[in-house]
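Report on the structure
Take a look at the letters that make up each chain.
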Amino acid sequence: MSRSRTFAEMAMERCDILGALSDEPEHLTRQIGGDAMRRAHEQVGAWMREAGMVVSRDNIGNLRGRYEGATPGGPSLLVGSHLDSVRDAGKYDGPLGVVVAIAAVQGLHDTKRRLPFAVEVIAFADEEGLRFSSTYLGSRALAGTFDFSDLERTDASGVTLAEAIGQFGGDPARVSDDAWRGGNVLGYCEVHIEQGPVLETRGLPVGVVSAIAGRAHYHITFTGEAGHAGTVPMRGRRDALVAAAEFVLAVEADAASHEGLVATVGQLTVHPGAVNVVPGEVAVSLDIRHSDDNVRLERTRHLLESAQEIGSRRSVRVAHQLLGENASASCSPHLASLFAMAVDEAGVPVVHLVSGAGHDGVTMASLTEVGMLFVRCKGGISHNPAEAVTVDDVAVSIDVLGRFLELLTTLGPE
Ligand code: GLV
Ligand code: MN
Ligand code: MN
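This one's a predicted model, so the numbers in the text were calculated from it and none came from an experiment. (Residues numbered from 1 in each chain as written. Chains lettered and ligands numbered in written order. Predicted model: local features only at pLDDT ≥ 70, side-chain atom pairs only at ≥ 80, totals over all residues. Heavy atoms only, no water.)

1. A look at the coordination of the manganese ion (ligand 2)
Applicable threshold: In this analysis a donor is any N, O or S atom within 2.8 Å of a metal ion (3.2 Å for sodium, potassium and calcium), and since water is not included, sites may seem incomplete. Counting from the N terminus, the helices are DSSP H or I runs at least four residues long and the strands are E runs at least two residues long. Here's how the labels work: a residue is buried when its accessible area is under 20% of the maximum for its type, exposed when over 50%, partly exposed in between, all with a 1.4 Å probe on protein chains only.
Around the manganese ion (ligand 2), the protein contributes the donor atoms Asp-93 (OD), Glu-128 (OE), Glu-128 (OE) and His-383 (NE2), which lie 2.0 to 2.8 Å from the metal centre. Taken in sequence order, the residues that donate to the manganese ion (ligand 2) follow the motif D-x34-E-x254-H. A separation of 3.5 Å is found between the manganese ion (ligand 2) and the manganese ion (ligand 3), which are bridged by Asp-93. With Asp-93 in the loop between strand S3 (76–82) and helix H3 (95–110) and Glu-128 in the loop between strand S4 (118–124) and helix H4 (137–143), this pair connects stretches of sequence that are 35 residues apart. The two residues Asp-93 and Glu-128 agree in class, both being buried.

2. A closer look at the state of the cysteines
Basically, it comes down to this: Two cysteine sulfur atoms form a disulfide, by the criterion used here, when they sit within 2.5 Å.
A complete count under the given rule lists zero disulfides for this structure. You can see Cys-331 has no disulfide; the closest cysteine sulfur is in Cys-189, sitting 9.1 Å from it. Distance from the sulfur of Cys-377, which forms no disulfide, to the nearest cysteine sulfur (Cys-15) is 13 Å.

3. What about the domain arrangement of the protein chain?
Worth spelling out the cut-off: Boundary definitions for the domains trace back to an automatic or database domain assignment. The contact criterion used is simple: two residues touch if any of their non-hydrogen atoms lie within 4.5 Å. What counts as buried area is the accessible surface, traced by a 1.4 Å probe, that two parts surrender upon association, with contributions from both included. Salt bridges are identified by distance alone: a Lys or Arg side-chain nitrogen within 4 Å of an Asp or Glu carboxyl oxygen. Identification of polar contacts relies on pairs of N or O atoms within 3.5 Å, with a donor-acceptor requirement for protein atoms, meaning one able to donate a hydrogen and the other able to accept it, and with residues adjacent in sequence counted only if both atoms are side-chain atoms. For this classification, the nonpolar set comprises Ala, Val, Leu, Ile, Met, Phe, Trp, Tyr, Cys and Pro, the charged set comprises Asp, Glu, Lys and Arg, and every other residue, Gly included, is treated as polar.
Under the domain assignment, the protein chain is made up of domain 1 (3–213 + 328–411) and domain 2 (214–326). Counting residues at the interface gives 13 residues for domain 1, matched by nine residues for domain 2. Taken together, the two surfaces of domain 1 and domain 2 that pack against each other cover about 820 Å², and 44% of this comes from carbon and sulfur. If you sort the residues of domain 1 by the area they bury against domain 2, Thr-135, Ala-213 and Ser-328 come out on top, with a joint share of 49%. Inspection of the region where domain 1 meets domain 2 yields zero salt bridges. Inspection of the region where domain 1 meets domain 2 yields four residue pairs in polar contact (both at pLDDT 80 or more). Tallied by class, the residues present in the side of domain 1 that touches domain 2 amount to six nonpolar, six polar and one charged.

Structural data, given as structure tokens:
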């Protein structure tokens, strides 16, 4: 059996182990600063040490494993992904990239090979932003773009991010120390499941990412007037939910009629939320993405205006708040070409694709060059417990990552 296949079996087992570490008993949910994350760090830290890495944890809660290069203090290549998840998640979105990176380093360690650069594996603390309605807290800390006002964000129980960091063993006042200080960085690379159907449709195990789409997310409230469901006449009602429902349909219609635009209302809370009360206030989320930031901004403006128009027609007040925004990020043409060469060497036809999903590369792009490799996932399904990859495809990704490291060694950074 090839080494990549053996490592792939190990990677699959490790995803199973991490997939069982959850903050919620009935499904997989792993959040920044939680107990499941603490247990995940114990596991991942042990695997990093086994692969010859020196392990540390920074204040925000990223776990870092460093495999020194031939000359200590030389340049570093950062490779990783995230350990947090969405609610009721699959087990590969994030963890696969961490365990595949560790496997690639294990391959170097087993053969006592030192590259002309260090490989630092990063397991990011928070990419999904589930707990604090944030995004990329871990990679923003590492890239040096952490926004300190985020420390005041609260989770569903009122715990602030600052408190959560403290409870996890970090110092919230020193998150700026997490910014990369390790000298010259050659790039940040990530292996991730595709989370879409392109590779499966083309019958390919892996693909090279050319860019990551930009994204923004909003909190929008519709405030009407609560009233008695049996006595308030239908005419003249100020029902916040029907206004919000009209907005949800407008979002769907707009995204469907603009090529490449995806827009989603994934959260909806109805107040007071009783069967016999006309809804007085409704809050919805809006997640909107496009690879062209100008298109995204133009459609966002249009949708927010539509919300106002729907509100004024129904005498419902509408307010919105921008919770997070990231411009689209291009992957480095040089790192993408090295990944393409590595894929070709592995005997796989090369395909380049744009990521509709967000990744830590979006923020790491402000620190260094970014390269990404996608792995085919079953049915293109992700953010869903049905997420699945095959051991054969994971073996290809480990093989390609190993070849990529060798190509970077021989051809160098740009
Ligand atoms: C992260 O997975 C995102 O794209 O929402
Ligand atoms: Mn995700
Ligand atoms: Mn992810």
